[in-house]
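Read off the chains here:
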Amino acid sequence: MKKLLILLLAIFLILAGCSQDAADAPINNEINDTIEEIDDEINEKNEDTNEPEAEEDEKTDVPVIEKPSEEESENEELTEEISGQEEPIIEEVTEEGQIGEEQGENIENTLKIKGLVEKELCLTLEELKAMDDIIFEADFYSLNNFGTTGYTRFKGVKLWDLLKNEGIINPEASKISIIAQDGYSMEFTPEQVQMEYMDETNPDNKYPMIIAWEENGREYSLDEGNPYKLVVGQKEPGDINKPQWVSNIDLILVE
Ligand SMILES: Nc1nc2c(c(=O)[nH]1)N[C@H]1C(S)=C(S)[C@@H](COP(=O)(O)O)O[C@H]1N2
Ligand SMILES: [Mo]
């Protein structure tokens with residue numbers, strides 16, 4: 001750098017020598033400017049050598065400034081993740097817990113009665129069998145879509161008595177759904193559940209709607225799903241009643 005300075009000064013001195021009279025002062029100024037420029041350059045160089053330090057400082061400063069914001073955004077993300085993940089889990093757990101604890105839904109092979117009733121029930125087969133005063137057993141006649149007919153002996157409890165005496169059905173209830181484990185379901189009005197049904201081949205017989213656990217003298221195997229079947233007689237001659245026999249009942253929903 002000093003060599004360059006000297007070289008430049010020499011050039012200027014030579015040039016100055018060529019035109020001494022004309023531009024003495026400007027040349028001096030030019031020399032001063034050049035020196036200043038060179039000084040500036042030197043300073044810049046020094047700054048350059050200092051820059052890494054300064055930049056490092058800045059870099060450490062910038063991350064220090066950025067870090068909290070990064071952490072904030074990370075925290076936000078975490079919060080989002082937490083709220084996104086845990087909330088449904090909590091809901092699921094709570095729901096499961098509530099159902100399991102309060103309604104015993106996780107107990108297998110139970111008959112559930114829910115909705116517009118005073119007592120939501122989760123009845124075991126043993127509990128149903130113990131309801132002596134509402135048990136009904138008879139041969140039910142069935143007519144299927146394609147004219148298939150038959151008689152099947154069923155034993156079970158009268159559904160209306162179960163709803164009236166055990167669940168205590170709300171007088172405002174207007175719909176009773178019998179829902180199977182496979183999703184198959186039948187809907188009835190309280191009147192349809194209460195009424196007596198008939199058998200077109202035995203016009204004098206009257207049949208209540210029942211929840212059966214025994215068919216032709218045999219209890220349903222627990223391996224084949226919930227051991228409860230809805231059995232309904234005919235409303236009138238020609239009534240196709242077999243499709244209404246909902247097997248593997250999971251829930252009786254009163255609405
Ligand atoms: N859970 C359940 N119950 C059901 C059905 C069904 O698909 N799922 N089908 C219904 C129909 S349409 C008929 S005709 C009878 C058939 O009874 P079966 O399988 O004893 O012949 O079951 C009725 N109950
Ligand atoms: Mo059917």
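Now for a description of the structure that goes with this document. Since this is a predicted model, take the numbers as computed values, not measurements. (Residues numbered from 1 in each chain as written. Chains lettered and ligands numbered in written order. Predicted model: local features only at pLDDT ≥ 70, side-chain atom pairs only at ≥ 80, totals over all residues. Heavy atoms only, no water.)

### Remarks on the pattern of salt bridges
All told, the structure shown has 10 salt bridges when counted by the stated rule. The partner of Asp139 in a salt bridge is Arg153, and the shortest N-O contact between them spans 3.3 Å. Here the residue Asp139 occupies a position in strand E3 (residues 135–143), and Arg153 occupies one in strand E4 (residues 149–158), the gap between them amounting to 14 residues. Since its relative accessible area comes to 36%, Asp139 is described here as partly exposed. A network of salt bridges, in which partner residues are shared, links Glu126, Lys129 and Glu219. (Salt bridge = Lys/Arg side-chain N within 4 Å of Asp/Glu carboxyl O. Helix = DSSP H or I, 4+ residues; strand = E, 2+ residues; numbered from the N terminus. Buried < 20%, exposed > 50% of the residue type's maximum accessible area, 1.4 Å probe, protein only.)

### Focus: the environment of Leu128
Mapped onto the fold, Leu128 is located in helix H3 (residues 125–129). What makes Leu128 buried here is its relative accessible area of 0%. Counting along the chain gives 83 residues from Leu128 to Ile211, while the straight-line C-alpha distance between them is 9.4 Å. Excluding its chain neighbours within four sequence positions, the residues that come into contact with Leu128 are Leu111, Leu123, Val157, Leu162, Trp213 and Tyr228. (Contact = heavy atoms within 4.5 Å.)

### Describing the pairing of strand E7 (residues 210–215)
For E7, the tally of buried residues reaches 5 of 6 residues, placing the bulk of the element in the interior. Two elements, E4 and E7, share 5 bridges in a ladder whose sense is antiparallel. Counterpart to Lys158 in the pairing with E7 is Ile210. Two elements, E7 and strand E8 (residues 218–219), share 2 bridges in a ladder whose sense is antiparallel. Of the residues in E8, the one forming a bridge with Glu214 is Glu219. What sits between the antiparallel neighbours E7 and E8 is a turn of 2 residues, in which Asn216 has the positive phi angle 50°. (Pairing = 2+ DSSP bridges.)

### Quick notes on the side chain of Ser142
Looking at where Ser142 falls in the secondary structure, it is placed in strand E3. Relative accessible area serves as the criterion here: at 5%, Ser142 is assigned to the buried category. Residues in contact with Ser142, not counting those within four places in the same chain, are Thr148, Thr149, Gly150, Asn241, Lys242 and Trp245.

### Here we look at the sheet that holds strand E1 (residues 111–115)
Sheet architecture is open: 5 strands sit in the order E2-E1-E10-E5-E6, paired in mixed fashion. Two strands close off the open sheet at either side, each with one partner strand: strand E2 (121–123) and strand E6 (185–188). Taken pair by pair, the neighbouring strands of this sheet meet at an average axis angle of 15°, ignoring direction. Bridging between E1 and strand E10 (residues 249–254) involves 4 bridges; their strand directions are parallel. Pairing of Lys112 across the sheet is with Leu251, part of E10. (Axes fitted to C-alpha atoms, helices over the stretch in contact; angles between N-to-C directions.)

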